[in-house]
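Overview (structure and organization)
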Amino acid sequence: MDKIIYAILISNDRQDELTRLLSGIRGISDSNLFNITYNDISVVASDFSSNKIIVDKEFAIDYARVIEDLAQHFTLLPVRFGTLMESPDAINEILIKYYDEFKQNLQKVENKYEFSLKVLWDYEKCSGKIRLKTESEDQNAAKLFHNNSVSTEYLLKKIKEHRFESALLEHVEQLIGEISTRLAQLNPIHKFQKMVTPNIILDAVFLLEKHKKDEFIQAIDHLKSQHDDLNFLLTGPWPPYNFVEITLK
Amino acid sequence: MSEDKILLNSGPIDDFVGEIEKLESSATSRVNATPDNADSGLAKLVLTLIELIRKLVEKQAMRRVEGGSLTDDEIEKLGETLMKLEAKMEELKEIFKLTDEDLNINLGPLGNLM
């Protein structure tokens, strides 16, 4: 039977605690969790029969719940959803082969939490304001053309669109710059994605020392008070889903 | 996501949920080629790449026009070429029943293609 892997964690000399913890958590489809240990790190896994289990949203939530429960007690690396290995021996081989990389990543996330920040604006309202601003420049754009033809009209329309898009992007970058400068004071490791939808101007994840959690919330709260036109959604703490960089070959 | 995971929320939660659902639906609309739809899956991938290149060409052309380095004749030709490229792209999208949203890709730190 295949084994499904949930996480790799630092177990050190806390084997008994880990065993007790695992006996109190149920894996997906009510399976028993077990650990395979090499030196000071362990893999947490359970049996998995793909014939019996339907992989759906509930399955994913169960999987995340196991990782969440483990993360409350141990520093861990969450494993990609649905990672299967054929036997305990295969898991052990992976532990030995990638021990140094696992350890390096575990040290990177030790005593840290992941937080997610989404910043929304009202695209229609904000872009309307920016469009008004760029309209005055648009009048100068017509001076670039001396001929009046279908081609030049098309180019003029395109130039107006590009100017609007550039102004919009510049404004978004300025906002993101303000947010990142404020949060950089807490030295988090971060990953930013901007304009993932017209309304989400920033979708970011942060890896931050646990003791800075309250300070981080206060910093976001301060940013919120400075930007009435933006909505902030801060969630966490999460296991470090976005900060593990290991590719198994 | 359970409510105890929300540390701070300054807007209506429904707005965030709506936007996150949009993100999820765009993630699931990625190229999904199967033996039955290999043609359209491949067309989507190829047209997305063509659209990316077309947009880059268009941006570069706008810079040159605004830079004032082109003659009236060159501007005329450039406008006509870009117009024809866009029309051809629309034609291809119609043939393969694709929308602008289908061809949109997230370029990471650069934002969305469209």
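In short, a report on the structure. Just so it is clear, the model here is predicted, and its values are computed rather than measured.

Across its full length, chain B holds three helices and one strand. Tracing chain B from N to C terminus, the helices and strands come up as β-α-α-α. For chain B, the residues scored as buried account for 27% of the 114 residues in total. Contacts in chain B between residues at least 24 apart in sequence constitute 51% of all its contacts with a sequence separation of at least 6. Accessible area of chain B: about 7500 Å², with a carbon and sulfur share of 57%.

Mapping Lys194 of chain A onto the fold places it in strand β7 (residues 189-194). Here Glu173 of chain A takes part through its side chain, which lies 2.4 Å from a polar atom of the side chain of Lys194 of chain A.

In this section: unusual backbone geometry. Residue and element names in this part refer to chain A. Cis rather than trans, the peptide bond between Gly236 and Pro237 has omega equal to -10°. Positive phi values are uncommon outside glycine, yet Asn12 reaches one of about 45°. Mapped onto the elements, Asn12 comes out in the loop between β1 (2-10) and α1 (15-23). Residue classification places Asn12 among the partly exposed residues on the basis of a relative accessible area of 42%. The phi dihedral of Asn187 is positive, around 50°, even though this residue is not glycine.

Residues and elements named next belong to chain A. Assignment of secondary structure puts Pro240 in the segment after β9 (230-238). A relative accessible area of 9% means that Pro240 is categorised as buried. For Pro240 and Ala71, which are 169 residues apart along the polypeptide, the C-alpha to C-alpha distance reads 9.2 Å. Setting aside chain neighbours within four positions, we find Pro240 in contact with Leu76, Pro78, Val109, Glu114 and Leu207.

Residues and elements named next belong to chain A. Of the voids in this model, the second largest pocket is the one considered here, and its volume is about 240 Å³. Ala71, Gln72, Tyr113, Lys210 and Trp238 are, among the 16 residues lining the second largest pocket, the residues nearest its centre. Elements that contribute at least two residues to the lining of the second largest pocket include exactly α2 (57-71), β6 (112-121) and β9. Counting residues domain by domain, the lining of the second largest pocket receives three or more from each of domain 1 (2-110) and domain 2 (113-238).

Residue and element names in this part refer to chain B. A surface patch of nonpolar side chains, amounting to about 420 Å² of accessible area, comprises Leu42, Leu45, Val46, Leu49 and Ile50. Residue placement: Ile50 occurs in helix α2 (residues 38-67). A relative accessible area of 36% places Ile50 in the partly exposed class.

Another aspect to go through is the side chain of Asp203 of chain A. Tracing the backbone through its elements, the reader meets Asp203 of chain A in strand β8 (residues 200-209). Taking the relative accessible area as the measure of exposure, Asp203 of chain A reaches 16% and is therefore buried. A polar side-chain atom of Asp203 of chain A sits 3.2 Å from a polar atom in the side chain of Lys118 of chain A. When near neighbours in sequence (up to four residues on either side) are disregarded, Asp203 of chain A contacts Leu117, Lys118, Lys191, Phe192, Gln193 and Val196 of chain A together with Leu23 of chain B.

All names here are of chain A. Relative to the elements of secondary structure, Lys108 occurs in helix α4 (residues 99-109). Of the residues examined, Lys108 reaches a relative accessible area of 27% and is grouped as partly exposed. On a C-alpha basis, the gap between Lys108 and Glu215 in space is 21 Å, while along the polypeptide they are 107 residues apart. Discounting residues that sit within four places of it in the chain, Lys108 has contacts with Ile189, Leu207, Phe243 and Glu245.

In this description, an aromatic ring pair is defined by two values, namely the gap between the centres and the angle between the planes. Residues and elements named next belong to chain A. This structure, assessed with the given rule, holds ten aromatic pairs over all chains. Consider the rings of Phe59 and Phe81, whose centres lie 5.4 Å apart with planes at 65°: the pair is edge-to-face. Of this pair, Phe59 sits in helix α2 while Phe81 sits in the loop between β4 (76-78) and β5 (84-85); the two residues are 22 residues apart in sequence, bridging distant segments of the chain. Judged by relative accessible area, which is 5%, Phe59 ranks as buried. Measuring from ring centre to ring centre gives 5.2 Å for Tyr63 and Phe81, while their planes differ by 75°; the resulting arrangement is edge-to-face. Here the residue Tyr63 occupies a position in helix α2, and Phe81 occupies one in the loop between β4 and β5, the gap between them amounting to 18 residues. On the basis of relative accessible area, Phe81 is assigned to the partly exposed category, the value being 38%. An aromatic cluster is built from Tyr6, Phe48, Phe59, Tyr63 and Phe81, whose rings are joined through pairwise contacts. Across from the ring centre of Phe164, 3.9 Å away, lies the NZ or CZ of Arg131, which sits over that ring.

What counts and what doesn't
Residues numbered from 1 in each chain as written. Chains lettered and ligands numbered in written order. Predicted model: local features only at pLDDT ≥ 70, side-chain atom pairs only at ≥ 80, totals over all residues. Heavy atoms only, no water. Helix = DSSP H or I, 4+ residues; strand = E, 2+ residues; numbered from the N terminus. Buried < 20%, exposed > 50% of the residue type's maximum accessible area, 1.4 Å probe, protein only. Contact = heavy atoms within 4.5 Å. Areas by Shrake-Rupley, 256 points an atom, 1.4 Å probe, with all protein chains shown as cover. Polar contact = N/O pair within 3.5 Å; in protein donor to acceptor, adjacent residues only side chain to side chain. 1 Å grid on protein atoms, 1.4 Å probe; cavity = no way out; pocket = protein on both sides within 12 Å on 5 of 7 lines; lining within 4 Å. Points joined across faces, edges and corners; volume = space filled by probe spheres on them. Domains from an automatic or database assignment. Patch = residues over 30% accessible without salt bridge, like charges linked within 9 Å, V, L, I, M, F, W, Y side chains within 5 Å. Salt bridge = Lys/Arg side-chain N within 4 Å of Asp/Glu carboxyl O. Phe/Tyr/Trp six-rings, centres within 6.5 Å; stacked < 30°, edge-to-face > 60°. Lys NZ or Arg CZ within 6 Å of the ring centre and 35° of its normal.

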